[in-house]
Amino acid sequence: MEYLIVKWLHVLSSTLLFGTGIGTAFHLLVASLHRDVRVVAVVARYVVIADWLFTATTVVFQPLSGFWMVRWARIPWHGGWIGWSVLLYALAVACWLPVVALQVRMRDLAAEAAAAEAPLPPAYWRAFRAWVALGVPAFVAFVAIFYLMVVKPPL
């Protein structure tokens, strides 16, 4: 029963991680492309909050619960689908960490521009391009991890 509870929490956590990530990314992407500085400022503020509340906590919980289940089930974690999942997770988190800093920067730049009733500055768009460039491989990595978790292919 303990294993099933941890497995359920692991799946729930992965759903929150992926769902929050894609949902907030889509929201900030659309708001940014709309170019209404006031909208971008509000959306960016809530994206940063959601990232800290949901993404940060699940980023920590995922490997803890995953390694616990692997150990409990006595599955070797260094190879096969688990090994690939760990590598892809490390890639996704390596992309996410600078994304957090970029989102904070984008939030601050948007808030400053909104307060000054000015358009989003070039620094915002530089951060935005880097944010997108890091978000794409993180998204692909998480999709691949979901595939590996469900299919568990012999690799």
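Residues numbered from 1 in each chain as written. Predicted model: local features only at pLDDT ≥ 70, side-chain atom pairs only at ≥ 80, totals over all residues. Heavy atoms only, no water.

A.B. asks: Just give me the short version of the overall build of the protein, but keep the residues and values in it.
C.D. replies: The helix and strand tally for the protein stands at four helices and zero strands. Order of helices (α) and strands (β) in the protein, N terminus to C terminus: α-α-α-α. Taken over the C-alpha atoms alone, the protein extends approximately 60 × 30 × 20 Å along its principal axes. Here the protein holds 155 residues, and the buried ones make up 38% of them. Put simply, of all contacts in the protein between residues at least 6 apart along the chain, 79% involve residues at least 24 apart. Total accessible area on the protein is roughly 9200 Å²; 74% of this is exposed by carbon and sulfur atoms. Once the 11 positive and 6 negative side-chain charges of the protein are each reduced to a mean point, those two points are 11 Å apart. (Helix = DSSP H or I, 4+ residues; strand = E, 2+ residues; numbered from the N terminus. Buried < 20%, exposed > 50% of the residue type's maximum accessible area, 1.4 Å probe, protein only. Contact = heavy atoms within 4.5 Å. Areas by Shrake-Rupley, 256 points an atom, 1.4 Å probe, with all protein chains shown as cover. Lys, Arg positive; Asp, Glu negative; His and termini not counted. Charge placed at Lys NZ, Arg CZ, Asp CG, Glu CD.)

A.B. asks: Give me the nonpolar core: which residues, what numbers.
C.D. replies: Among the nonpolar cores identified, the biggest contains 21 residues, and Leu28, Met106, Leu120, Tyr124 and Trp131 are the most heavily contacted of them. At the level of secondary structure, the elements contributing two or more residues to this core comprise helix H1 (2-34), helix H2 (37-73), helix H3 (80-115) and helix H4 (122-151). Every residue in contact with tyrosine 124, bar those within four places of it in the chain, is listed here: Leu28, Ser32, Val40, Met106, Leu109 and Ala110. Of all hydrophobic cores here, the second largest spans 16 residues; its members include Ala92, Cys95, Leu148 and Met149. (Core = buried A, V, L, I, M, F, W, Y, C linked by side-chain atoms within 4.5 Å.)

A.B. asks: Could you give an account of the layout of surface pockets, naming the residues involved and the relevant values?
C.D. replies: Approximately 590 Å³ is the volume found for the largest pocket. As for the largest pocket, its lining consists of 24 residues, of which His10, Gly66, Met69, Trp81 and Met149 are closest to the centre. Elements with a minimum of two residues in the lining of the largest pocket: H1, H2, H3 and H4. Taken together, the residues of the lining of the largest pocket break down into 17 nonpolar, five polar and two charged. Considering only enclosed or pocket space, the second largest pocket measures out at about 500 Å³ in volume. Lining the second largest pocket are 23 residues, and of these Gly21, Ile22, Ala25, Gly135 and Phe139 lie nearest its centre. Elements with a contribution of two residues or more to the lining of the second largest pocket: H1, H2, H3 and H4. Among the elements that line the lining of the second largest pocket, the one with the most residues is H1, at eight residues. In terms of residue class, the lining of the second largest pocket is made up of 17 nonpolar, five polar and one charged. (1 Å grid on protein atoms, 1.4 Å probe; cavity = no way out; pocket = protein on both sides within 12 Å on 5 of 7 lines; lining within 4 Å. Points joined across faces, edges and corners; volume = space filled by probe spheres on them. Nonpolar A, V, L, I, M, F, W, Y, C, P; charged D, E, K, R; others polar.)

A.B. asks: Explain unusual backbone geometry residue by residue, including any values.
C.D. replies: Positive phi, normally seen in glycine, also occurs at arginine 35, with a value near 70 degrees. Mapped onto the elements of the fold, arginine 35 is located in the loop between H1 and H2. With phi around 55 degrees, arginine 74 is a residue other than glycine that occupies positive phi space. Along the chain, the position of arginine 74 falls in the loop between H2 and H3.

A.B. asks: Could you give an account of the packing of H1 against H4, with specific residues and numbers?
C.D. replies: In the contact formed by H1 and H4, the axes pass within 11 Å of each other and the chain directions differ by 150 degrees. As summarised for this structure, H1 and H4 are arranged roughly antiparallel, according to the angle between their axes. Like other packed secondary-structure pairs, H1 and H4 cross with a definite hand, here left-handed. Across the interface between the two elements, His10, Ser14, Thr15, Leu17, Phe18, Ile22, Ala25, Leu28, Leu29, Ser32 and Leu33 of H1 pack against Tyr124, Trp125, Phe128, Trp131, Val132, Phe139, Phe142, Val143, Phe146 and Met149 of H4. Its residues assigned to classes, the contact of H1 with H4 shows 17 nonpolar, four polar and no charged. (Axes fitted to C-alpha atoms, helices over the stretch in contact; angles between N-to-C directions. Parallel < 35°, antiparallel > 145°, perpendicular 65-115°, else oblique. Left-handed = near helix turned anticlockwise from the far one by under 90°.)

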